[in-house]
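# Examining the three-dimensional arrangement
One letter stands for each residue in the lines below.
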Amino acid sequence: MADERILYKSILPNGQVVYGDEPEPQAKRSSAISVERHPPNPQEAEAAQRALAMTRAQLLRDAAARAVRLKQLDNQIGDVYDEFQNLRSKQRAGREVGEGDRQGRRFSHQYAQRQHALLLAAAQAQQRLDNLVTERTALGY
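The rules behind the values
- Residues numbered from 1 in each chain as written.
- Predicted model: local features only at pLDDT ≥ 70, side-chain atom pairs only at ≥ 80, totals over all residues.
- Heavy atoms only, no water.
- Helix = DSSP H or I, 4+ residues; strand = E, 2+ residues; numbered from the N terminus.
- Rg over C-alpha atoms; globule rule 2.2 N^0.38 Å.
- Contact = heavy atoms within 4.5 Å.
- Phe/Tyr/Trp six-rings, centres within 6.5 Å; stacked < 30°, edge-to-face > 60°.
- Buried < 20%, exposed > 50% of the residue type's maximum accessible area, 1.4 Å probe, protein only.
- Core = buried A, V, L, I, M, F, W, Y, C linked by side-chain atoms within 4.5 Å.
- Polar contact = N/O pair within 3.5 Å; in protein donor to acceptor, adjacent residues only side chain to side chain.
- Pairing = 2+ DSSP bridges.
- Axes fitted to C-alpha atoms, helices over the stretch in contact; angles between N-to-C directions.
- Salt bridge = Lys/Arg side-chain N within 4 Å of Asp/Glu carboxyl O.

Looking now at the overall build of the protein chain. Of the regular secondary structure elements, the protein chain holds two helices and five strands. Shown N-terminal to C-terminal, the secondary structure of the protein chain runs as helices and strands in the order β-β-β-α-β-β-α. A globule of 141 residues ought to have a C-alpha radius of gyration of about 14 Å, yet the protein chain, at 32 Å, is considerably larger. For the protein chain, the C-alpha atoms occupy an extent of roughly 100 × 40 × 20 Å along the three principal directions. Contacts spanning at least 24 positions in sequence make up 50% of the contacts within the protein chain whose residues lie at least 6 apart.

This paragraph deals with the packing of aromatic side chains. Overall, the coordinates contain one aromatic pair when judged by the stated rule. Centre to centre, the rings of Phe107 and Tyr111 are 4.3 Å apart; their planes meet at 15°, and the pair counts as stacked. Judged by relative accessible area, Tyr111 falls into the buried class, the value being 9%.

The biggest cluster of nonpolar side chains holds five residues, and these are Leu73, Ile77, Val80, Leu129 and Leu132. Listing elements by their share of this core, those giving two or more residues are helix H1 (42–94) and helix H2 (109–139). With three residues, the single largest contributor to this core is H1. The residues contacting Leu73, other than those within four sequence positions of it, are Leu132, Glu135, Arg136 and Leu139.

Considering the arrangement of structural elements, one finds Ser10 in strand S1 (residues 4–11). A distance of 3.1 Å separates a polar side-chain atom of Ser10 from the backbone nitrogen of Glu24. A polar contact of 3.1 Å, which involves the side chain of Ser10, links it to the side chain of Ser30. Those residues in contact with Ser10 that lie beyond four places of it in its chain are Gln16, Val17, Val18, Pro23, Glu24, Ala27, Arg29 and Ser30.

The subject of this paragraph is the sheet that holds S1. With antiparallel pairing, three strands are arranged side by side in an open sheet as S2-S1-S3. Of all strands in the sheet, those with a lone pairing partner are strand S2 (17–20) and strand S3 (29–36), marking the two edges. Neighbour to neighbour, the strand axes of the sheet diverge by 25° on average, direction disregarded. Sheet topology note: the S1/S2 ladder contains four bridges and is antiparallel.

This model, assessed by the stated rule, comprises six salt bridges. Between Asp21 and Arg5 there is a salt bridge whose closest N-O contact spans 2.6 Å. Of the two residues, Asp21 sits in the loop between S2 and S3 while Arg5 sits in strand S1, which places them 16 residues apart along the sequence. According to the relative accessible area criterion, Arg5 is partly exposed, its value standing at 35%. One salt bridge connects Arg50 with Glu46, and the closest N-O pair in it is separated by 2.9 Å. Note that Arg50 and Glu46 are positioned in helix H1 at a spacing of four residues, about one turn of the helix.

Right, dumping it as structure tokens:
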């Protein structure tokens, strides 16, 4: 067809990709690519340039917002991690049997409640930490 042009994509033995009007003779693989020709239209070209500039500006704003959020998440992850480690230490210390933690051979109700509260607090901190790390991973490139 008159409004089509055939270009060739050749992959050389060293992995380099070369485009040209003819396939490269030393290429290990070549394929034909059909390219449609478009007559230049100044109005369409200008509109495309404006759209491209707007898209670029939006991408830059998005990237800046993502960078700010990543910094916030890094700070929050550090804080929640410290909180989690502190709660885990309290949980380990809370396992020790103290005065009034036993009723005969059995543990008291207060001891069981304390263990449950410490376990729940550590699990909640772990969940917050997991959520922050998941969000940070989703924002990464």
